[in-house]
Protein chains: 2
Amino acid sequence: MEQARKGITPLIRAVAEKENVDPEFVRRGVAAGRIVIPCNPAHDPEPAGIGEGMSVKVNVNLGTSRDMPDMEPELEKLRVALRYGADAVMDLSTGGDIDAIRARILKACPVITGSVPIYQIGLTAARKNAVVEMTEDEIFNGIERHMRDGMDFVTVHCGITKETVANLKDSGRVMDVVSRGGSFLTAWILHNGEENPLYANFDYLLDLARKYEVTLSLGDGFRPGAIDDASDAAQISELVTLGRLVKRCREAGVQAMVEGPGHVPAEQVSANMIMQKSLCDNAPFYVLGPLVTDIAPGYDHIVGAIGGAMAAMAGADFLCYLTPAEHLSLPDAEDVREGLIASKIAAHVGDMSRGKGHARDTAMSKARKALDWDSMFDLCLDREKAEAYRSRGCTKKEDGCSMCGDVCAVKIVSNYLRKD
Amino acid sequence: MEQARKGITPLIRAVAEKENVDPEFVRRGVAAGRIVIPCNPAHDPEPAGIGEGMSVKVNVNLGTSRDMPDMEPELEKLRVALRYGADAVMDLSTGGDIDAIRARILKACPVITGSVPIYQIGLTAARKNAVVEMTEDEIFNGIERHMRDGMDFVTVHCGITKETVANLKDSGRVMDVVSRGGSFLTAWILHNGEENPLYANFDYLLDLARKYEVTLSLGDGFRPGAIDDASDAAQISELVTLGRLVKRCREAGVQAMVEGPGHVPAEQVSANMIMQKSLCDNAPFYVLGPLVTDIAPGYDHIVGAIGGAMAAMAGADFLCYLTPAEHLSLPDAEDVREGLIASKIAAHVGDMSRGKGHARDTAMSKARKALDWDSMFDLCLDREKAEAYRSRGCTKKEDGCSMCGDVCAVKIVSNYLRKD
């Protein structure tokens, strides 16, 4: 961010080229904080911009857990994520040798990579004694370790404060807190009666972020976890707090994005995007979902794609994927694929509504018209799946597909329309 | 419709009860044509209302084809459709003994059932010689047979006329016509140089519909088949024509709904719904998708759910499902399930945005908060899938789920928030 204020850097130029926009546009966006380019020199990922005028990006979460501590399945998920075009990956490991896993994932992941250090910090405390026993030193040392190891961005729940916790208590929420990091810090504040160290010592956090050149992702610890809880005082007062912190990030020359909901009814999605852009002075918005209904466990990647498309159309810049396993269990590699493609569809819908990415749709339609299946497969978000479906249905070699069989609409009209 | 103009019928009362609205509201809606209750006495399905103030309904297409002429797989799809809550089923069979299959499906299907008679009519002509050789008598006799057999609604492509075909020719479309029925009639008009019999003799069609008490679903033969073709003159001039025909249906006391797009970019979905409601004087709107991008074959149920949710929020009353097999092959029973649930999510999102159906989300969130898995499963759109995911992840009997494992946000915050 500091470099961007001086002039166009190679990183900015690379992002501008990828996005097909003017480098000066990117420079101004980064300098003002409306665009972030997460890039820790210790990791040095492929350049990617998130925010104003950039294509909408998609993040894939993966990581071990207590019950599934093995590294290999997570590396397989990473391969799937990269193969199907994830723009970013977050390592949320909480099981096994967390440090070693983080190192392996950072090494294997060429795209921007993030983490939520408080998971490891809280867990270490919990397994020793209790989450609420985390010390301030443990919190900051844990965050610094993730930064030093090369994370391009880290989620930090700085908006959970004594004041916003008071709003939470008053809120009468159905689901209280569903953010794991948020729950750690809420519990910590309630137990210790002290201010959230990440808020109280935000300047120290900024020092660390500047030192390691890490983008802060300001976490939404009070994101609604139920349709009923959406857009309430707890959520919005945290967002107001995050807006103030965005300003302090910019003053300190630290790149920041803001995380957002969560479970939100469809008719409130756009208002949430507008509020964030307004309260956080157009900082890039990173949303989880939003999930527009609670009643479809097993299909939350679809629920999230609906909300994500609406969000991206209304200003969200970065979508965190959801898998069919959400709310039920940890995803496997196949779930990662399903969730990622669903999210990429949503991002693409957002892009198109902003005048980007439409050429691929045109090319697909032209290939369809020509019944040119090779080109169609080339243009698919998931070529393998499309091929599998087509091969299943077609026993005979033919132009059309088995949907219409011998009464292909495309063929019939072509014959007569082009005759005269 | 004629009965509704005289007073509240038992059918109207049943629909009002199901929808939890005033019977007089339903009666007025049906009398004015803003609500339809498709119900052929020869079939006598469970009462269901489509249109103003009614919950958004979902249709499942199934049927045999030349390559897959067996009846049993289609009956299995029907069972899946009913099991997962389809509100309507359309039999689009084009292979095997079509008449026998239609009879079997009508017998086995307790929900409203529809068909597209022109498929069978066109195919019979095509297999004899050519689609364009269909005679007027064959067309009307074919439609009458479907009506007599018990179809509650039939799709009829009456908006394809010499005039709208001229608009199509001028349109410079990428995909021309993708509606199969539409392609038959377009080809017929181009080849014979005559007016579409369904348009030219619309009064006779009305006579048949009145005689058999069948709801007409005015087909959108020129629905866009590519994002690039959306909202063009061919599509909208057909819609203008359909609006005129809606008026004639109402004058004749025949229930009518209007079919809609199709492939539509997300930012045009709402405009399409508003135009239909305006041009067709608030006739119930039955949409296929809409599909908001072309680049995701294998995932078109998700693309359709995004467009369907947006459409339902903006006024669509009836969603035709799409399966992952769309554009590639015929769906199997598993695809039917996936597609139906995706569409039901979209319909539910639409309902919620109109103030309906929200109680189920609240109940789910409360069950989640209580970590009451039995109640959660009861509230899921697809219980089996949710159970499968949960059982996969949880080897140990415990309250939380394997996503958070020993650091369940819900449990942590409950402990501390309720302490004081």
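Residues numbered from 1 in each chain as written. Chains lettered and ligands numbered in written order. Predicted model: local features only at pLDDT ≥ 70, side-chain atom pairs only at ≥ 80, totals over all residues. Heavy atoms only, no water.

(A) Quick peek at unusual backbone geometry. Residue B:P261 is joined to B:G262 through a cis peptide bond whose omega torsion reads 5°. The topology assignment puts B:G262 in the loop between β8 (256-260) and α13 (266-279). Here the bond from B:G289 into B:P290 is cis, since omega is -10°, no more than 30 degrees from zero. Summarising the element assignment, B:P290 is placed in the loop between β9 (285-288) and α14 (300-313). The phi angle at A:N20 is positive, at roughly 60°, despite the residue not being glycine. Along the polypeptide, A:N20 turns up in the loop between α2 (10-19) and α3 (23-32). For A:H327, which is not glycine, the phi dihedral falls at a positive 75°. Take A:H327: its relative accessible area is 18%, and that puts it in the buried class. (Helix = DSSP H or I, 4+ residues; strand = E, 2+ residues; numbered from the N terminus. Buried < 20%, exposed > 50% of the residue type's maximum accessible area, 1.4 Å probe, protein only.)

(B) Looking closely at the nonpolar core. One finds A:L216, A:L218, A:I345, B:M134, B:L216, B:L218 and B:I345 to be the most contacted residues of the largest nonpolar core, which totals 230 residues. If near-sequence neighbours (up to four positions away) are discounted, A:L218 is found in contact with A:V156, A:C158, A:F202, A:L242, A:L245, A:V246, A:M257, A:V258 and A:E259. (Core = buried A, V, L, I, M, F, W, Y, C linked by side-chain atoms within 4.5 Å. Contact = heavy atoms within 4.5 Å.)

(C) Summary view of the packing of aromatic side chains. Under the defined criterion, the tally for this structure stands at 10 aromatic pairs over all chains. Each ring, one from A:Y286 and one from A:F318, has its centre 4.1 Å from the other, and the planes form 20°; the classification is stacked. In this pair, A:Y286 is assigned in strand β9 (residues 285-288) and A:F318 in strand β10 (residues 318-320), connecting sequence segments 32 residues apart. Summarising the burial analysis for this pair, A:Y286 and A:F318 share the class buried. Cluster of aromatic residues (ring-pair linked, three or more members): A:F153, A:Y286 and A:F318. Positioned over the ring face of B:W373 is B:R390, at 3.7 Å from the centre of the ring. (Phe/Tyr/Trp six-rings, centres within 6.5 Å; stacked < 30°, edge-to-face > 60°. Lys NZ or Arg CZ within 6 Å of the ring centre and 35° of its normal.)

(D) Helix α11 (residues 202-212) of chain A, seen in detail. All names here are of chain A. For α11, the set of buried residues is F202, L205, L206, L208, A209 and Y212. Angularly, the buried residues of α11 cover 160° about the axis, an arc narrow enough to put them on a single face. Close packing links the buried residues of α11 with α7 (136-149), β6 (153-156), α10 (197-200), β7 (215-218) and α12 (233-251). E213 lies just past α11 and shows a positive phi near 55°. (Arc of directions from axis to C-beta.)

(E) Up close: the interface of chain B and chain A. Taken together, the contact pairs 105 residues of chain B with 105 residues of chain A. Contact between chain B and chain A buries roughly 9,000 Å² in total, counting both sides, with carbon and sulfur atoms accounting for 64%. Linking chain B to chain A there are 6 salt bridges. Taken together, the links from chain B to chain A amount to 30 residue pairs in polar contact (both at pLDDT 80 or more). If one sorts the elements of the side of chain B that touches chain A by residue count, helix α15 (residues 333-353) of chain B sits on top with 11 residues. For the side of chain B that touches chain A, the class distribution of residues is 56 nonpolar, 19 polar and 30 charged. (Buried area = accessible area lost by both parts, 1.4 Å probe. Salt bridge = Lys/Arg side-chain N within 4 Å of Asp/Glu carboxyl O. Polar contact = N/O pair within 3.5 Å; in protein donor to acceptor, adjacent residues only side chain to side chain. Nonpolar A, V, L, I, M, F, W, Y, C, P; charged D, E, K, R; others polar.)

(F) The arrangement of the pattern of salt bridges in detail. Inspection of the entire model under this criterion finds 60 salt bridges over all chains. The salt bridge partner of B:D317 is B:K277, with a shortest N-O separation of 2.7 Å. Here the residue B:D317 occupies a position in the loop between α14 and β10 (318-320), and B:K277 occupies one in helix α13, the gap between them amounting to 40 residues. Here the two residues B:D317 and B:K277 agree in accessibility, since each one is buried. Close ionic contact of B:K385 with B:E338 constitutes a salt bridge, the shortest N to O distance being 2.5 Å. With B:K385 in helix α18 (residues 383-393) and B:E338 in helix α15, the pair connects residues that are 47 residues apart, well separated along the chain. Each member of the pair B:K385 and B:E338 is classed as buried. Among the charged side chains, a salt-bridge network with shared partners connects A:D99, A:R102, A:R145 and A:D149.

(G) Looking closely at the relation of the copies chain B and chain A. Expressed as a screw transformation, the operator carrying chain B onto chain A has a rotation angle of 180° and an axial translation of 0.0 Å, and the superposed copies differ by an RMSD of 0.0 Å. The superposition operator between the copies reduces to a two-fold rotation axis. Within chain B, B:I306 has its C-alpha nearest the rotation axis, a separation of 2.3 Å. In this assembly the copies share their binding face: 100% of the residues contributing to the interface of chain B also contribute to that of chain A. (Least-squares fit on C-alpha atoms with pLDDT ≥ 70 in both.)

(H) Expanded view of the pairing of strand β6 (residues 153-156) of chain B. Residue and element names in this part refer to chain B. Of the two faces of β6, the one lined by F153 and T155 and the one lined by V154 and V156 are each fully buried. Across 2 bridges, the pairing between strand β5 (residues 112-115) and β6 is parallel. Residue G114 lies in a different strand from β6, and its bridge partner there is F153. For β6 and strand β7 (residues 215-218), the ladder comprises 4 bridges, and the chain directions are parallel. When the sheet's bridge partners are listed, V156 is paired in β7 with L218. (Pairing = 2+ DSSP bridges.)

(I) A look at the side chain of B:D361. By the secondary structure assignment, B:D361 is in helix α16 (residues 358-369). Comment: no salt bridge for buried B:D361; closest opposite-charge side chain is B:R360, at 6.9 Å. At 2.6 Å, the side chain of B:D361 and the side chain of A:T293 are in polar contact. In this structure, B:D361 is in contact with A:I227, A:T293, A:D294, A:I295, B:H348 and B:M352, ignoring residues within four places of it in sequence. (Lys, Arg positive; Asp, Glu negative; His and termini not counted.)

(J) Structural detail: a nonpolar patch on the surface. Together, A:V240, A:I274, A:M275 and A:L279 give the surface a local cluster of nonpolar side chains, amounting to about 310 Å² of exposed area. The topology assignment puts A:L279 in helix α13 (residues 266-279). (Patch = residues over 30% accessible without salt bridge, like charges linked within 9 Å, V, L, I, M, F, W, Y side chains within 5 Å. Areas by Shrake-Rupley, 256 points an atom, 1.4 Å probe, with all protein chains shown as cover.)

(K) Seen up close, the sheet that holds β9(B). Residue and element names in this part refer to chain B. Sheet architecture is closed into a barrel: 8 strands sit in the order β3-β4-β5-β6-β7-β8-β9-β10, paired in parallel fashion. Strand-to-strand twist of the sheet, defined as the mean angle between neighbouring strand axes without regard to direction, takes the value 25°. Sheet strands touched by α15: β3 (57-62) and β10. Its angle to β3, the strand with the most contacts, is close to 160°. (Axes fitted to C-alpha atoms, helices over the stretch in contact; angles between N-to-C directions.)

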